[in-house]
Amino acid sequence: DAREALAELRALGLARQTLLTGDLERVAGKVAAETGIEMVVAHALPHDKLDYVMREIGAGLHPLVVGDGLNDVLAIKAGSTSIAMGERGVDIAIASADVVLQGDDLRRIPTCIRLGRQCRRTATANAVIGLAWTLAVIALAATGVLGAVWAAILHNVGTFIVIANAGRLLRIDETRSSAIAPSLVSRTSHAI
């Protein structure tokens, strides 16, 4: 599933992908070739992984770090965003990550990216809806159009509207193909 997951991440705008591994160079090269990863750093110790992530950040990139082991913890902690693979991941890697996937299916990483982007859009919409609704209720109450009881009721209706809008996040399609609209591409530019 790694080839499919990495192809979908590229379609989402995470085009630069690097394999940072402590494995032998020939093994890392073979895995990279099978998955479509162009950049490989083999024999990487924990501090090498950290240094790599810090160089990427220093270059103005926003690396997404995915890992599961003790050797990944420093890089996971340093990444702009990090995902720990939780099924076989070590506890400290899981505790250090921004997101923990409860399994080892790499195809869930693109779903996680899409969900995160949708959450950001929904939060923005909810802030606008909530603020506009509240200001309208306050204005109507201040001008005497609404009494206190109706103002309280309408305020709570606004809360339900925001909750209903957020509930749409539950409908995200995990089986969505890699045909992602260009408007979904974010500033995150590198997957490690």
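Above this text sits the structure in question.
Residues numbered from 1 in each chain as written. Predicted model: local features only at pLDDT ≥ 70, side-chain atom pairs only at ≥ 80, totals over all residues. Heavy atoms only, no water.

Re the overall build of the chain
Working step 1: The secondary structure content of the chain amounts to 7 helices and 6 strands.
Working step 2: Each helix and strand of the chain, placed in order from N terminus to C terminus, yields the pattern α-β-α-β-α-β-α-β-α-β-α-α-β.
Working step 3: Within the span of the chain, comprising 192 residues, buried residues form 33% of the whole.
Working step 4: Just so you have it, the chain exposes about 11000 Å², and 62% of that area is on carbon and sulfur atoms. (Helix = DSSP H or I, 4+ residues; strand = E, 2+ residues; numbered from the N terminus. Buried < 20%, exposed > 50% of the residue type's maximum accessible area, 1.4 Å probe, protein only. Areas by Shrake-Rupley, 256 points an atom, 1.4 Å probe, with all protein chains shown as cover.)

Let's talk about the nonpolar core
Working step 1: By size, the foremost hydrophobic cluster in this structure holds 15 residues, and its most contacted members are L9, L64, I83 and I109.
Working step 2: Contributing elements (two or more residues each) for this core: α1 (2–11), α2 (25–35), β4 (81–85) and α6 (108–142).
Working step 3: Not counting the four nearest positions on each side in its chain, I83 is found in contact with L64, V65, V66, G67, A97, V99, L101, I109 and C112.
Working step 4: One finds V53, V73, A75 and A78 within the second-largest nonpolar core, a separate group that totals 9 residues. (Core = buried A, V, L, I, M, F, W, Y, C linked by side-chain atoms within 4.5 Å. Contact = heavy atoms within 4.5 Å.)

Section: the pattern of salt bridges
Working step 1: Counted according to the given criterion, the structure contains 4 salt bridges.
Working step 2: Between E56 and R16 there is a salt bridge whose closest N-O contact spans 3.2 Å. Of the two residues, E56 is situated in helix α3 (residues 46–58) and R16 in strand β1 (residues 16–20); the sequence distance between them amounts to 40 residues.
Working step 3: A relative accessible area of 9% means that E56 is categorised as buried.
Working step 4: Between D105 and R107 there is a salt bridge, with the nearest N and O atoms lying 2.9 Å from each other.
Working step 5: Since its relative accessible area comes to 26%, D105 is described here as partly exposed.
Working step 6: With a relative accessible area of 36%, R107 lands in the partly exposed category. (Salt bridge = Lys/Arg side-chain N within 4 Å of Asp/Glu carboxyl O.)

Side note on the packing of α1 against α2
Working step 1: In the contact formed by α1 and α2, the axes pass within 8 Å of each other and the chain directions differ by 65°. Residues A2, R3, L6 and R10 of α1 pack against A33, E34 and T35 of α2.
Working step 2: For the contact of α1 with α2, the class distribution of residues is 3 nonpolar, 1 polar and 3 charged. (Axes fitted to C-alpha atoms, helices over the stretch in contact; angles between N-to-C directions. Nonpolar A, V, L, I, M, F, W, Y, C, P; charged D, E, K, R; others polar.)

Topic: the side chain of T21
Working step 1: Turning to its location among the elements, T21 is positioned in the loop between β1 and α2.
Working step 2: Looking at T21, its side chain comes within polar contact range of the main-chain nitrogen of D23, at 3.0 Å.
Working step 3: With sequence-adjacent residues up to four places away left out, T21 is seen in contact with A28, V41, A42, H43, A44 and K49. (Polar contact = N/O pair within 3.5 Å; in protein donor to acceptor, adjacent residues only side chain to side chain.)

Structural notes on the packing of α6 against helix α7 (residues 148–167)
Working step 1: Across the interface, α6 lies against α7 with an axial gap of 10 Å and an inter-helix angle of 170°. Here α6 is positioned roughly antiparallel relative to α7, judged by the angle of their axes. Across the interface between the two elements, T122, A125, N126, I129, G130, W133, T134, V137 and A141 of α6 pack against A151, L154, H155, V157, G158, I161, V162, N165 and A166 of α7.
Working step 2: Considering only residue class, the contact of α6 with α7 consists of 11 nonpolar, 7 polar and no charged. (Parallel < 35°, antiparallel > 145°, perpendicular 65-115°, else oblique.)

Overview of α6
Working step 1: In a regular helix each residue adds 1.5 Å, so 35 residues correspond to 51 Å; α6 covers 49 Å between its end C-alpha atoms and thus fits that length.
Working step 2: Among the residues making up α6, those that are buried are I109, P110, T111, I113, R114, R117, T122, N126 and V137.
Working step 3: Lining the buried residues of α6 we find α1, β3 (63–67), β4, β5 (99–101) and α7.
Working step 4: Looking at the residues trailing α6, positive phi occurs at G144, about 85°. (Expected span 1.5 Å × (residues − 1).)

Examining unusual backbone geometry
Working step 1: Positive phi is not limited to glycine here, since H43 has a value of about 55°.
Working step 2: Position of H43 relative to the elements: it lies in the loop between β2 (39–41) and α3.
Working step 3: Relative accessible area serves as the criterion here: at 44%, H43 is assigned to the partly exposed category.

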